[in-house]
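Coordinate inspection notes
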Amino acid sequence: MTRSPAAAFQSDVGLEVHVQLKTASKIWCGCPNRYGSPANSDVCPVCLGYPGSLPVMNRHAVELTVKTGLMLGCEINRYSKWDRKNYFYPDMPKNYQISQYDLPLCIGGAVEIDIGGQRKRVGLTRIHLEEDVGKNTHYEGRSSVDFNRAGTPLMEIVTEPDMGSADEALAFLLALKEILAYGAVSDCNLEEGNLRCDVNCSVRPAGDTALGVKTEIKNMNTFKGVHRALDHELKRQIAERTQGGAIVQETRRWDDEMGVTSAMRTKEQAHDYRYFSEPDLLPVVLSKESIDEISSTLPELPKARRMRFEAEYGIPAYDAGVLVADRALADYYEAAAAASGNYKAVSNWVMGEMLRALAETGTEITGCRVEPEALAALVRLVDEKAINSTGAKEVFQEMFERGGEPQGIVEARGLAQVSDTGAIEALVEQAIGEHPDSAQDVRNGKEKALQHLMGQVMRLSRGKANPQLVLELLRERLSPGA
Ligand code: ZN
Ligand code: MN
């Protein structure tokens, strides 16, 4: 049997994820940390890198980084410091970026991913804090730079080369984003560039222990892009090696339109940056008490919450996964479930009608007009057979559009299910009278004819008859002995 070239190679992928932190102000100055202001309006001498201006550390940025480290199981360095990473580029007027080199805030840690039903641990090397740089835009014949982004607190999460494929890298990014969103450390808005990543990858003959020569694809800002770029780059490396070629350590550019990577520049080494300690900032010293205090603010993480949902509410793993993926949606579910008691029914409503209506209208669950208590009341009406499922969907839609209580809507719209035996008996008689052949068929034991008659009664009731009662009455009326 011949093996495919891909099977003869093992891929190793590592990521450096840059995360913009959700602070009120920038990391070294009081300028607002926000997106969408007119170009170069949220700036000052510090974030413009004017000579003589001095940085003052934003403590909240450090706290959010420590919080992230604690959520990801990192060891927190009680003593860390700032370093200058020197390079020239128009988006960085100081000609150096203040970052952390040898003493980052967090060391180690991991993110667990689920790959084909199997749990896999992706180890983290470190998390450090640095400043974001300005944003260059290139037009035909000219380029511009906007410094609003310069000085945004940027957390860099560096992984071990533990991912074996583009799929695993994508699963990692999704799991990481979920945790960051749960911790509210970042808005995690990809369109606004809150999460950007550099992708490192290499291939080696299956069974080899030493990693192959790696290439790096910089500044990817969509998860889909990361997946496509990796898929392409790993295949390119395998093809190159299969043909006896060598991989060059270099930075490559991803062309999203063409779907290819191309060489950009040979990879710089750490010593090219001439890192040295930042003389204008004091080292960061964290007391045990301050770390404990941050520890006490940690939210329940998605994985733990999924497990609790399954155990506490007895809902399937699939439901728990859908509900927990969004912290606000999970909060909504818990409020409605507590008010209702029928946990599975509430889950069905949230995953079904609610997610459909939110998607159709582009609404967030936090802005939804259906109060959790109102959804619980709707579930109760269905459970008590006061309305049937068609009516319930109509009530839900009305509540989604205009708010309100289900009972009032049921009354206003005349949706109450008819469970009055006398009223239904009359309709049963009418249906039998109009369809004597079907009635005879039922007497002769034909189940199909019973379904037909039942449909007729439901139609006569305009959908409001209690279907179970209709079936009982029809069976009673047409039993062979009757
Ligand atoms: Zn500033
Ligand atoms: Mn960086």
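Bear in mind that the values here come from a model prediction, so they are computed numbers and not experimental data. (Residues numbered from 1 in each chain as written. Chains lettered and ligands numbered in written order. Predicted model: local features only at pLDDT ≥ 70, side-chain atom pairs only at ≥ 80, totals over all residues. Heavy atoms only, no water.)

**A few points about the packing of helix α9 (residues 372-383) against helix α11 (residues 406-413)**
The geometry of α9 relative to α11 is characterised by a closest axis approach of 9 Å and an angle of 55° between their N-to-C directions. Accordingly, the angle class assigned to the pair α9 and α11 is oblique. From α9, A374, A377, L378 and L381 reach across to α11, where they touch P406, Q407 and V410. Classifying every residue of the contact of α9 with α11 gives six nonpolar, one polar and no charged. (Axes fitted to C-alpha atoms, helices over the stretch in contact; angles between N-to-C directions. Helix = DSSP H or I, 4+ residues; strand = E, 2+ residues; numbered from the N terminus. Parallel < 35°, antiparallel > 145°, perpendicular 65-115°, else oblique. Contact = heavy atoms within 4.5 Å. Nonpolar A, V, L, I, M, F, W, Y, C, P; charged D, E, K, R; others polar.)

**Notes on helix α14 (residues 447-460)**
Within an α-helix, residues lying three or four positions from one another point in the same direction, as the helix has 3.6 residues per turn. Under the 1.5 Å per step criterion, the end-to-end length of α14 is 20 Å for 14 residues, consistent within 8% with the ideal 20 Å. In the core, the buried residues of α14 are packed alongside α12 (421-434), α13 (436-443) and α15 (467-478). (Expected span 1.5 Å × (residues − 1).)

**Things to note about the nonpolar core**
Ranked by size, the top nonpolar core spans 66 residues in total, and within it I157 and F172 carry the most contacts. Here this core gets nine residues from one element, more than from any other, and that element is helix α2 (residues 166-182). Leaving out residues up to four positions away in the same chain, I157 has contacts with L15, E16, V17, V19, T68, L72, L124, R126, I127, L176 and L180. Core analysis: the second largest hydrophobic core is formed by 38 residues, L329, V379, F396 and M399 among them. (Core = buried A, V, L, I, M, F, W, Y, C linked by side-chain atoms within 4.5 Å. Buried < 20%, exposed > 50% of the residue type's maximum accessible area, 1.4 Å probe, protein only.)

**So, the pattern of salt bridges**
Scanning the entire structure with this criterion turns up 38 salt bridges. Across the salt bridge formed by E112 and R119, the nearest N and O atoms sit 2.9 Å from each other. Since its relative accessible area comes to 35%, E112 is described here as partly exposed. Owing to a relative accessible area of 44%, R119 belongs among the partly exposed residues under this scheme. Put simply, E334 and R308 hold a salt bridge, and the shortest N to O gap is 2.8 Å. Linking E334 in helix α7 (residues 327-340) with R308 in helix α5 (residues 302-313), this pair joins segments that are 26 residues apart in sequence. Its relative accessible area of 16% is what places E334 among the buried residues. The class of R308 is partly exposed, set by a relative accessible area of 25%. Connected through shared salt-bridge partners, E300, R305, R308, E312, D331 and E334 make up one network. (Salt bridge = Lys/Arg side-chain N within 4 Å of Asp/Glu carboxyl O.)

**Some remarks on the coordination of the manganese ion (ligand 2)**
H18 (NE2), E130 (OE) and E156 (OE) make up the full set of protein donors to the manganese ion (ligand 2), lying at 2.0 to 2.2 Å. Sequence positions of the donors to the manganese ion (ligand 2) reduce to the motif H-x111-E-x25-E. Here H18, found in strand β1 (residues 9-20), pairs with E156, found in strand β11 (residues 153-159); they are 138 residues apart in sequence, far enough to count as distant. Residue class for H18 comes out buried when judged on its relative accessible area of 12%. (Donors = N, O, S within 2.8 Å, 3.2 Å for Na, K, Ca; no water.)

**Let's talk about the layout of surface pockets**
Any empty space left between atoms is shown by rolling a water-sized probe over those atoms. In this structure, the second largest pocket spans a volume of roughly 980 Å³. When residues of the lining of the second largest pocket are traced back to their parent elements, those giving at least two are β7 (110-115), β8 (118-131), α2, α5 and α7. Per-element accounting of the lining of the second largest pocket gives the leading share, eight residues, to α2. Residues from two domains meet in the lining of the second largest pocket; each of domain 1 (6-293) and domain 2 (302-413) gives at least three. (1 Å grid on protein atoms, 1.4 Å probe; cavity = no way out; pocket = protein on both sides within 12 Å on 5 of 7 lines; lining within 4 Å. Points joined across faces, edges and corners; volume = space filled by probe spheres on them. Domains from an automatic or database assignment.)

**Notes on the coordination of the zinc ion (ligand 1)**
Those protein atoms acting as donors to the zinc ion (ligand 1) are C29 (SG), C31 (SG), C44 (SG) and C47 (SG), and they sit at 2.3 to 2.4 Å. Geometry at the zinc ion (ligand 1) is tetrahedral, judged from the four donor atoms that bind it and their angles of 101 to 114° at the metal. Within one chain, the residues serving as donors to the zinc ion (ligand 1) are arranged as C-x1-C-x12-C-x2-C. Of this pair, C31 sits in the loop between β1 and α1 (59-71) while C47 sits in the loop between β1 and α1; the two residues are 16 residues apart in sequence, bridging distant segments of the chain. Overall, C31 belongs to the buried group, its relative accessible area being 8%. (Tetrahedral: all angles 85-135°; square planar, octahedral: opposite > 155°, others 65-115°.)

**A look at the packing of aromatic side chains**
Per the stated rule, a full pass over the model turns up ten aromatic pairs. Where Y87 meets Y273, the ring centres are 6.2 Å apart and the plane angle is 75°; that geometry is what we call edge-to-face. With a gap of 186 residues between them, Y87 in the loop between β4 (83-86) and β5 (96-99) and Y273 in the loop between β15 (260-266) and β16 (276-277) connect regions that are remote in the sequence. Of the residues examined, Y273 reaches a relative accessible area of 15% and is grouped as buried. Members of the aromatic cluster, connected to one another through ring pairs, are Y87, Y101, Y273 and Y275. For K85, the ring lying beneath its charged end belongs to Y273, and the centroid distance is 4.5 Å. Directly above the ring of Y139 sits R142, whose terminal nitrogen or CZ lies 4.5 Å from the centroid. (Phe/Tyr/Trp six-rings, centres within 6.5 Å; stacked < 30°, edge-to-face > 60°. Lys NZ or Arg CZ within 6 Å of the ring centre and 35° of its normal.)

**Comments concerning the domain arrangement of the protein**
Assigned domains within the protein: domain 1 (6-293), domain 2 (302-413) and domain 3 (421-478). When each unit is reduced to the centre of its C-alpha atoms, the spacing between domain 2 and domain 3 is 33 Å.

**What to know about the pairing of strand β14 (residues 250-255)**
Relative to β14, strand β13 (residues 215-220) is paired through three bridges, and the arrangement is parallel. By the bridge assignment for β14, E216 is matched with T251. Regarding the hand of the β-α-β motif, the stretch spanning β13, helix α3 (residues 223-242) and β14 is left-handed. Judged from the six bridges that link them, β14 and β15 form a sheet pairing that is antiparallel. Pairing of R253 across the sheet is with S262, part of β15. Where β14 folds back on β15, the antiparallel hairpin that results is connected by four residues, among which G259 adopts a positive phi of roughly 70°. (Pairing = 2+ DSSP bridges. Right-handed = clockwise from strand over helix to strand, strands pointing away.)

**Some points on the side chain of S202**
With respect to the helices, strands and loops of the structure, S202 is situated in strand β12 (residues 195-205). Given the relative accessible area of 4%, S202 is considered buried.

**A short note on α7**
Under the 1.5 Å per step criterion, the end-to-end length of α7 is 20 Å for 14 residues, consistent within 8% with the ideal 20 Å. Looking at the buried positions of α7, the neighbouring elements they touch are α2, α5, α6 (317-324), α8 (343-361) and α9. A side-chain oxygen of the first residue of α7 lies 3.0 Å from the backbone nitrogen of A328; this N-cap is D326. Positioned one or two residues after α7, G341 has a phi angle of 90°, which is positive. (Polar contact = N/O pair within 3.5 Å; in protein donor to acceptor, adjacent residues only side chain to side chain.)

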